[in-house]
Amino acid sequence: HRLMRKLGRSKSESAESQTHRQPGLVGLLEILRAQLEITESMDIRTRQGLLNAMVGKVGKRMDNLLIPLELLCCISRAEFSDMKAYLRWQKRQLNMLEEGLINHPVVGFGELGRKVNELRNLFRKIEESESLSPSAAEVQRTECLRSLREVATSFSERPARGDLTGEVCHWADGYHLNAALYEKMLGSVFDTLDEGKLTEEVEEILELLKSTWRILGITEIIHDTCYAWVLFRQFVFTGEQGLLKVVIEHLRKIPLKEQRGPQERLHLKSLRSSVDADDSCQDFTFFQSFLSPVQKWVDKKLNDYHLHFSEGSSMMVDIVTVAMLTRRILGEENDKAMESPDRDQIDRYITSSVKSAFMK
């Protein structure tokens, strides 16, 4: 889809279309919709569903709504052109709820494990209702959604921004899901016609994405880490050195452990993930999950820099900077001082690369 769009548009056409952009937030949201490849029909449907969800709730904040649940309740089958599109959309909302409430909840079920089975049964019944007659399907679906709201709403509560202010957000929760959603939205900063460049509206888009921080539990440190990862991944795909300089800028913004507040340290410590491999489970902290792949990539290049940077040192300077910054951040994750100073690591790169060059 993206390739066909590139073939169908020239850069001059892109520049011309930007001059016709609607002003203010409306125009920015339209750019974001296009960047994320969300269809106009889906955008209109979702907006209308959220407006319907707010009826009778004047003064209530949007982040007090459990969004996928509200969409399931307020968007009907009649709004879709065909049954398959509706079933795909419904399945996506149910998957979001299952991922957040059951697979990766912020607050576990504890002794209420039976609620997990209850939720899964409700998900199953909602899907099965589509095979019934229209009247029976509507009754079963309505009853299931009512029961789902009773069970789900309390389990989706969590303090805003991961702090303890007493303000509560409702969302299909879970750090893993929220980080994936935020990572996807950050991908909208790249120019669709030249993916090694940032779009002209990058600052406006990033400012707009701040409005999701409260709902997704994102903080400044989490943002800088996610954004550095998204930019670095794009650099690897495109080889555009300008992206690497922005990665360095955001890695430098990440404060070391002693510079973080106690609540921030506690929040980051709670964000963990694991990977199953070779009959074992490897546990990762927040920083390890995002920055370990970066460190692995730069180490591989620098351990054989005679091969990878034979045509010039400009790129190598930035790669070394990324290597040292990620090393310092990850070195703190072990709760002990770094085993060796940066200079020793540089010496190891030199020794390894010289040895590799002589072997070749």
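The rules behind each value
- Residues numbered from 1 in each chain as written.
- Predicted model: local features only at pLDDT ≥ 70, side-chain atom pairs only at ≥ 80, totals over all residues.
- Heavy atoms only, no water.
- Axes fitted to C-alpha atoms, helices over the stretch in contact; angles between N-to-C directions.
- Helix = DSSP H or I, 4+ residues; strand = E, 2+ residues; numbered from the N terminus.
- Parallel < 35°, antiparallel > 145°, perpendicular 65-115°, else oblique.
- Left-handed = near helix turned anticlockwise from the far one by under 90°.
- Contact = heavy atoms within 4.5 Å.
- Nonpolar A, V, L, I, M, F, W, Y, C, P; charged D, E, K, R; others polar.
- Buried < 20%, exposed > 50% of the residue type's maximum accessible area, 1.4 Å probe, protein only.
- Arc of directions from axis to C-beta.
- Phe/Tyr/Trp six-rings, centres within 6.5 Å; stacked < 30°, edge-to-face > 60°.
- Lys NZ or Arg CZ within 6 Å of the ring centre and 35° of its normal.
- Salt bridge = Lys/Arg side-chain N within 4 Å of Asp/Glu carboxyl O.
- Core = buried A, V, L, I, M, F, W, Y, C linked by side-chain atoms within 4.5 Å.
- Domains from an automatic or database assignment.
- Expected span 1.5 Å × (residues − 1).

Engineer: Sorry, what's going on with the packing of helix α9 (residues 175–186) against helix α15 (residues 286–302) here?
Structural biologist: Packed helices, taken two at a time, are described by the angle between their axes plus the distance between the axes. Remark: α9 packs on α15, axes separated minimally by 12 Å, with the N-to-C direction vectors making an angle of 40 degrees. Comparing their axes, α15 and α9 come out oblique. Handedness of the α9/α15 crossing: right-handed. Each of Tyr175, Ala179 and Glu183 in α9 lies in contact with α15, whose residues at this interface are Phe286, Ser289 and Phe290. Looking at the contact of α9 with α15 residue by residue, the classes come out as 4 nonpolar, 1 polar and 1 charged.

Engineer: What is the right way to look at the side chain of Ser273 in this model?
Structural biologist: Locating Ser273 in the fold gives a position in strand β3 (residues 272–277). Ser273 gets classed as buried once you look at its relative accessible area, which sits at 15%. When sequence neighbours within four positions are dropped, the list of residues in contact with Ser273 reads His176, Gln282, Asp283, Phe284 and Ser289.

Engineer: What should I look at first to understand helix α10 (residues 202–209) in this one?
Structural biologist: Each α-helix turn comprises 3.6 residues. Residues three or four places apart therefore point the same way. Residues Val202, Ile205, Leu206, Leu208 and Leu209 constitute the buried set of α10. Along α10, the residues classed as buried sweep out an arc of 160 degrees about the axis, all on the same side. With respect to the buried face of α10, the exposed residues turned more than 90 degrees away are Glu203 and Glu207. In this structure, the buried side of α10 is in contact with α3 (24–35), α9, α11 (213–216) and α12 (220–238).

Engineer: Help me understand the packing of aromatic side chains, please; the structure alone is not making it clear to me.
Structural biologist: Considering all chains together, one arrives at 8 aromatic pairs under this definition. Plain terms: the ring middles of Phe80 and Trp89 are 5.4 Å apart, the flat faces sit at 45 degrees to each other, and that makes the pair tilted. Where Phe235 meets Trp297, the ring centres are 5.8 Å apart and the plane angle is 80 degrees; that geometry is what we call edge-to-face. Of this pair, Phe235 sits in helix α12 while Trp297 is found in helix α15, placing the two residues 62 residues apart along the sequence. Residue Trp297 is classed as partly exposed on the basis of its relative accessible area of 26%. The structure contains a cluster of three or more aromatic residues connected by ring pairs, namely Phe80, Tyr86 and Trp89. Cation over ring: Arg45 sits above Phe80, and NZ or CZ is 4.0 Å from the ring centre.

Engineer: What exactly am I supposed to notice about the pattern of salt bridges here?
Structural biologist: Once the charged atoms of two side chains with opposite charge are near each other, the side chains can pair. Following the criterion strictly, the structure yields 16 salt bridges and no others. Across the pair Arg47 and Asp43 runs a salt bridge, and its minimum N-O distance is 3.0 Å. Residue Arg47 and its partner Asp43 are both found in helix α4 (residues 40–54); the two are separated by 4 residues, about one turn of the helix. Classification of Arg47 as partly exposed rests on a relative accessible area of 43%. Across the salt bridge formed by Glu128 and Arg124, the nearest N and O atoms sit 3.1 Å from each other. A residue pair is termed a helical-turn pair when its members lie 3 or 4 positions apart in one helix, as Glu128 and Arg124 do in helix α7 (residues 114–128) at 4 residues. Classification of Arg124 by relative accessible area gives partly exposed; the value is 39%.

Engineer: Sorry, what's going on with the environment of Gly196 here?
Structural biologist: With respect to the helices, strands and loops of the structure, Gly196 is situated in the loop between α9 and α10. The sequence separation of Gly196 and Phe237 amounts to 41 residues, and the corresponding C-alpha distance is 8.3 Å. Leaving out residues up to four positions away in the same chain, Gly196 has contacts with Thr238, Glu240 and Leu243.

Engineer: What is the right way to look at the nonpolar core in this model?
Structural biologist: Counting 56 residues, the largest nonpolar core has Tyr182, Leu251, Phe287 and Val322 as the members making the most contacts within it. If you tally residues by element for this core, the top one is α12, at 10 residues. Composition of this core by domain shows at least three residues from each of domain 1 (29–157) and domain 2 (175–268 + 280–359). Those residues within four positions of Tyr182 in sequence are excluded, and the remaining contacts are Leu209, Thr212, Trp213, Leu216, Ile218, His223 and Cys226. Counting residues in hydrophobic clusters, the runner-up holds 26 residues, among them Ile67, Leu148, Val151 and Ala152.

Engineer: Can you walk me through unusual backbone geometry in this structure?
Structural biologist: One non-glycine residue, Glu37, lies in positive phi territory at about 60 degrees. Mapped onto the fold, Glu37 is located in the loop between α3 and α4.

Engineer: Any chance you could explain α12 here in plain terms?
Structural biologist: Compared with the 27 Å implied by 1.5 Å per residue over 19 residues, the 27 Å span of α12 between its first and last C-alpha is a close match. Buried residues dominate α12, accounting for 14 of its 19 residues.

Engineer: Explain the side chain of Gln93 to me, please; I cannot follow it from the model alone.
Structural biologist: Within the secondary structure, Gln93 is located in helix α6 (residues 83–103). The exposure class assigned to Gln93 is buried, which follows from its relative accessible area of 8%. Beyond its immediate stretch of four places on either side in the chain, Gln93 contacts Pro68, Leu71 and Leu72.

Engineer: What's the story with the environment of Ser274 in this structure? I'm lost.
Structural biologist: Tracing the chain through its elements places Ser274 in strand β3. Of the residues examined, Ser274 reaches a relative accessible area of 45% and is grouped as partly exposed. C-alpha of Ser274 to C-alpha of Ser289: the two residues are 15 residues apart in sequence and 8.6 Å apart in space. The contacts of Ser274, once residues within four sequence positions are left out, are Cys281, Gln282 and Asp283.

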